[in-house]
Every structure is written in structure tokens, then in C-alpha cells.
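One-letter residues, chain by chain:
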Amino acid sequence: MPLSVAEEIEALRAELRRHEYLYYVLDQPEISDAEYDQMMRRLQALEAAHPELVTPDSPTQRVGGKPREGFVKVHHSTPMLSLDNALNEGELRDFDRRVRELLGHTNYQYVAELKLDGLSMAAHYDHGRFQLAVTRGDGLEGEDVTENARTIRSLPLLVDKPPVDRFEVRGEVIMLRKAFELLNAERERQGLPRYANPRNSAAGSLRVLDPGITASRQLDFYAYLFLVDGKPHFLSHWESLEALQRMGFKVNPHRARCAHVDEVLAFCRQREAQRDLLPYEIDGVVAKIDSVAQQQQLGWTAKAPRWAIAIKFAARQQETTVENISVQVGRTGVLTPVAHLRPVVVGGVTVSRATLHNEDEIERLDVQIGDKVLVERSGDVIPKVVRVVEKGENRRPFRMPSQCPVCGGGIVRSEGEAASRCVNTNCPARLKESLLHFAARGVMDIDGLGEALVDQLVDRGLVRSIADLYELRVETLAELERMGQKSAEKLWNKIQESRHRPLSRLLNGLGIPFVGERTAQILAETFGDLDRIAAADAETLQTAEEVGPKVAQSIVRFFGDPRNRELIERLRQAGLSFQHQAQRQQGLPLAGKTFVLTGVLSSMTREQAKARIEAAGGKVTDSVSKKTHFLVAGESAGSKLAKAQSLGIPVLDEKALLDLLGQ
Ligand code: IVH
């Protein structure tokens, strides 16, 4: 019996929820992103055709609804209090002694968990359905961030078989360090101020009026309390964590039941030592008395529970003085101001330099030489200046030099860009960075060509351009410091091998501003050979997917420079491959054509259609743009169809597609 639309929608939702859980909570996906997207698009198409069947817990509703005017204040069921801190072993033992005295015996256990550095949030559910999310606010009253929280993929919108009808889950909203770095890089590109740390960016992303913004930020929710009418529901904290996990919430796996405070201490030491290995920031460990009956016996002070304590790790922020500010020249010629600090130990590592990113950041921080600043080290990222603590008496402002400190070349800062650049492509600092990028893994893969060798090659004048690498002789390499005959031969072989890397790698390796791995791949696929890319004007370049005016301009500028043209000629002489290997695509019926699929097809799934189009040499992308050649519209096609029509893009039905495919 065929499924009714309502049944199909429900089945799709259940499947999507399961895959969301596997991906976002367990981090163990069973299907590819493309398969997930396909299922999601089918659900979107069905819902678009039957808007009366859309429910707020549908996975399609995670995209972010309409922006609001302001936040509504909501009272917490029970105050969201803070935790008392233990700053060292002695303070933890003091806490344990108080617990022992108040309980009058030693028959208690702790649960030790990570203290995630984010912001706390309460999520309310009714009959398993996510209803309301509230920030901590002042502890008594927070802000309603329901629509924003809905976009957090690890927060379940529907809980299967909850133990009670109405419940509340409290936990921490965090942003992964990687997502934070990406977000800041993007903000820098857009000329917006950087976020100071992942916690601030998580808070900034959750507390925005436009849920669409929250949806675009990769936030995560870790649950740590399960409450019914503001009170714990299970007999022990451990049990509630296990129950939360069973219900589909993300519960941090780094937790332990500890029979003694010594075990809590051991947990803390081990976690602190491994702190940098985690993909998110933690600022300590939380130890909670496991038994809920004992928690109640211990009770609360006005500020915090007496049954829990936060054991804080060594601060990763320290105060110190900026002794000087210099600039470093990167691969693309970007000048990065660097603060030279009076050395200070931050979280176990001595820090004497911190990045200041760019002139705008210096202005935002209002930092000058001589100021006392707060520096922060997090994970393995470069230490940074967080803020000025005290202005120095004889403070001196930093001025971006007008000439490159390494080569004396001119410095330009293009309009709309935060970065200043050295314009001399032969600048030794740029050259060194360029060579390292060219040789890097995933680019031209010249293993063994690291910093120490690049320094020697450039400083001795043996390499003045990337192309010189291909003229190096084994004997020359063997004469370098810390190089024997064997390693010289090995490196020489690696250099020779690199001549055969695909065009996309070479393009990436050239270090054209804004052309990274993905853009290089797209350019290679679209134009097929380096000479065509080098000869193309900005308009032609923009016919490639994802290539906008800024990237196109940058490519034109690069190939317009006679020095770069000479480099290309020399690389050609050296026999590097300038041709995209997938040239065989040429001659296939749909070569060079870009398709977008929408709606529901009857004789095949969209995934199958995509595979067939690709087999015929065509390309399938997600969204309709001027660069789309055909829109294939199945049943219940929605906004993509309207967009294609408005752009005058030919629309094919299923039969027309089959005809094109020659079937
Ligand atoms: S329990 C009454 N557990 O730390 C218990 N809090 O300094 C309240 N936090 O406001 C919180 N990780 O935002 C708890 N595993 C964890 C935590 C955690 C981070 C945060 C939370 C709280 C703050 C207190």
C-alpha cells in the first residue's frame, strides 16, 4: 500500500532525526552528507507542498525563523545558580571536609565532569517536544531564545518515550574551537571585529534577534541536569546523565564516578594535562555529590549548591606588558602586527609573543606599546591579546610601517580589507612562506622541505623563486646544514615527483590571495588548463561557481604581474602539469553544464539523478544562480523553481532530463 503524504513525512522526519543524532550527538554518521541533504530536501519539498503538515519539531525547522524585535524575559523554574570555585587542591579538600561534616559520614560518592566554557541554558520539553529555551540571565530570570536554540543540531526537538511528560534539561551551549576560528576568519574578511574567545562567540551567536544567524554558527549543547518541576527526577546524578544520554541528548563522555576526593583530584590532573586535545574549551572540572538525597541534605547557599564545586584549571589568561609591536610578513604578503611581551607563564607555557591580527584589531583593543594587557592562550592557537588592563604611562602607538620591514617594498591596504600587504612578490619573507605553502602536505607534497631548509635555501640565495626548486641539484642540497647525501637524494626525488601533481594543487600552491584548495579545484575543473585561467578576465573567471568579483580580481592581478608570468613560464619549462586531468569529461554530452535538482522525481531519486548527470559529464550544485544551466524540477518544486524562472534559466521536467541523458 503506498504511503500517504503524512506518513511519508513522518517517516522522513524519523529517519532525519536518527541521522542528526548519529551525526551531531554521537559523531558516528552512517550516511554521507549528500544522502542526508537529499532526504532533507525531499522532506522540504513535501512540506512546501503541504504547509498544513509542518510542525515545529520537524528537522526542517532548524534553519532559523524570522528575526524578532527583542527578547522576552522568562522566570526559571528554580534559580540557575552558579558554582563555588576551588582554585587548588587545598580548597577542594576543604570542600570535601565540609561535605563530610554536614553529612556526618563518609558514605558518599562524587561525579566528576568537565566544566565546559560556554553559557548555560535551560531547555523545556512537553510530551517530548522541545518547547522553550531560556538563557541563564541573572539566574532568576533569563531570555527566551527558543527559536535560536532550535537551530542547534545536537539539541533534540523531539524526545522519544520521555520518562515524564514535562521536563527541563539544563546544560552548556558551546562553540568548537575550530568553528570559532573559522567564524573569526570570516569576520575579519568582512571587516567585522573578531570575537575574543569561543565562549563570547557562543553567547553572541545564541543571543541574537535573528535565528538565521544562530543557525549559521555551529553551536553545540551538552546536557548536565534533568529536572522535573525544578527538581532532580532521578535518584542519582549519574543516573540522570545516563537517562539524558538515552533520551538522545549529548552528554559529555568525559565523566567519572569517584568514591573519594583523591579520585576527583586524579581526574582533574589528567583532564588538565589533556586539555589541549579537546576540540572545545574547558576551564575546569565540576564535582557533584552523586546521591540526590544527599544533595538535598547538603542544600544551597544563596549563591551556589553546597553539593557541587568547580575546580578551576590554571588560568589561560595572564597580565603582562607590551614591550614592543613588530610586524611579521606572511605568504601572501600580509603584515601581521605581533606584540612582544614581557615573558609570562600562561597555563604552563611561557608566552613572549601574541598576535594582534591587524590594524583594526589594534584600534579596537586600543593597545599601545607600554600598556599592561591580558593575554590568552587557548589550545594550540597563537596567544592573543584580549584587552588592555592598564594604559602605560609612556605608551606609544603602533604605526603600520610604510615599507616592508624585510625587503623595503611598498605596503598597501586595499579598501574594504583589514590586512596590509607587502607588494613585492620577491620579498624574502614572502618567498619563505610561499615555499613552505607550496611544499606543504595536501598542496605539492614535497616532504622534507620544512622551515629549516627553506631558511637556508633563501638566505644563501639558492632559491629566489618557487621555480628555482626544480633546478636544484642533489649536490647543492647535500651541502646544506643537517643534510646528508641520502636525505638530499630523497628530497630531490620528492621535488621531481611534485612535477606531476594535479593542476588544482599547483593552483593552490601558487598562493594567489583568496584561492585556496576549494577554489583551486573549481577553477581547474571549470577552465581545464592553467593558461586559460591566466588569460581569463575577471568576468570570465566569475562564470565559475563560487568565484565572485573579489576572487576574480585577485586572480587577474596575480597573472597580470610580469614576475608571476615569468614564474609560470619557468614552471612550464620544468614540466609541471598545467592540464586538468579530468579533460576526458570533454566530449561527454553534458560536459560543462551545471544542473540544480528540485522537487520529487518519479523514476529515480535525486541522488540517482545526480549520479547520472555526473556520469554524463555534467555538474550538480545545490542552489540556483546565474551560473546554473538547467533546473530539473520534479513534483512539488518550490522556491528554486521560482528563482530559476525569475533568472530565465531553462527548466526541465523529468522526461526532458531523460532525453538529455539519452535514455
Ligand atoms: S552544574 C547547580 N556542570 O559553570 C549546578 N555547570 O560556574 C549548576 N558549567 O553556570 C551547574 N560545565 O554554566 C555544571 N558540567 C557542568 C558544567 C557547568 C560548565 C557552567 C555552568 C554554570 C557555571 C558555574
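Residues numbered from 1 in each chain as written. Predicted model: local features only at pLDDT ≥ 70, side-chain atom pairs only at ≥ 80, totals over all residues. Heavy atoms only, no water.

A. Fine view of the pairing of strand 20 (residues 594–598). Judged by how many residues are buried, strand 20 sits mostly within the fold: five of five residues are covered. Residue alternation in strand 20 divides its side chains into two sets, T594, V596 and T598 and F595 and L597, and both sets are buried. Both strand 20 and strand 21 (residues 619–621) contribute to a ladder of three bridges, which runs parallel. The residue of strand 21 that forms the bridge with F595 is V620. Between the parallel elements strand 20 and strand 21, the chain passes through helix 22 (residues 606–615) in a crossover that is right-handed. Note: strand 20 against strand 22 (residues 630–633), four bridges, orientation parallel. (Buried < 20%, exposed > 50% of the residue type's maximum accessible area, 1.4 Å probe, protein only. Helix = DSSP H or I, 4+ residues; strand = E, 2+ residues; numbered from the N terminus. Pairing = 2+ DSSP bridges. Right-handed = clockwise from strand over helix to strand, strands pointing away.)

B. Representation of the site of the ligand within the structure. Around the ligand lies a shell of 13 residues, among which E113, L114, L116, E172 and K288 are the nearest. E113 is positioned such that a nitrogen or oxygen atom in its side chain is 2.7 Å from a nitrogen atom of the ligand. Between the ligand and S120, the relevant distance is 3.3 Å, taken from an oxygen atom to a side-chain nitrogen or oxygen of the residue. Here the ligand loses 90% of its free accessible area of 530 Å² to cover by the protein chains. Breaking the shell around the ligand down by element, the ones donating at least two residues are strand 3 (110–116) and strand 11 (282–289). Counting residues per element, the shell around the ligand draws most heavily on strand 3, at four residues. Partitioned by chemical class, the residues of the shell around the ligand number seven nonpolar, two polar and four charged. (Near = heavy atom within 4 Å. Polar contact = N/O pair within 3.5 Å; in protein donor to acceptor, adjacent residues only side chain to side chain. Areas by Shrake-Rupley, 256 points an atom, 1.4 Å probe, with all protein chains shown as cover. Nonpolar A, V, L, I, M, F, W, Y, C, P; charged D, E, K, R; others polar.)

C. Quick peek at helix 3 (residues 89–103). The end-to-end C-alpha distance of helix 3 is 21 Å, a good match for the 21 Å that 15 residues give at a rise of 1.5 Å each. Buried within helix 3 are the following residues: L92, F95, D96, V99 and L103. Buried positions in helix 3, seen along its axis, are confined to an arc of 95 degrees and lie on one side of it. Where helix 3 begins, one side-chain oxygen reaches toward the backbone nitrogen of G90, 3.2 Å away; that side chain belongs to N88. (Expected span 1.5 Å × (residues − 1). Arc of directions from axis to C-beta.)

D. Local environment of the packing of helix 1 (residues 5–25) against helix 2 (residues 33–49). The contact between helix 1 and helix 2 brings their axes to 10 Å, and the two run at 145 degrees. Crossing geometry of helix 1 relative to helix 2 is assigned as left-handed. In contact with E8, I9, L12, R13, E15, L16, H19, E20 and Y23 of helix 1, helix 2 contributes D33, Y36, M39, M40, R42, L43, L46 and E47. In terms of residue class, the contact of helix 1 with helix 2 is built from nine nonpolar, one polar and seven charged. (Axes fitted to C-alpha atoms, helices over the stretch in contact; angles between N-to-C directions. Left-handed = near helix turned anticlockwise from the far one by under 90°. Contact = heavy atoms within 4.5 Å.)

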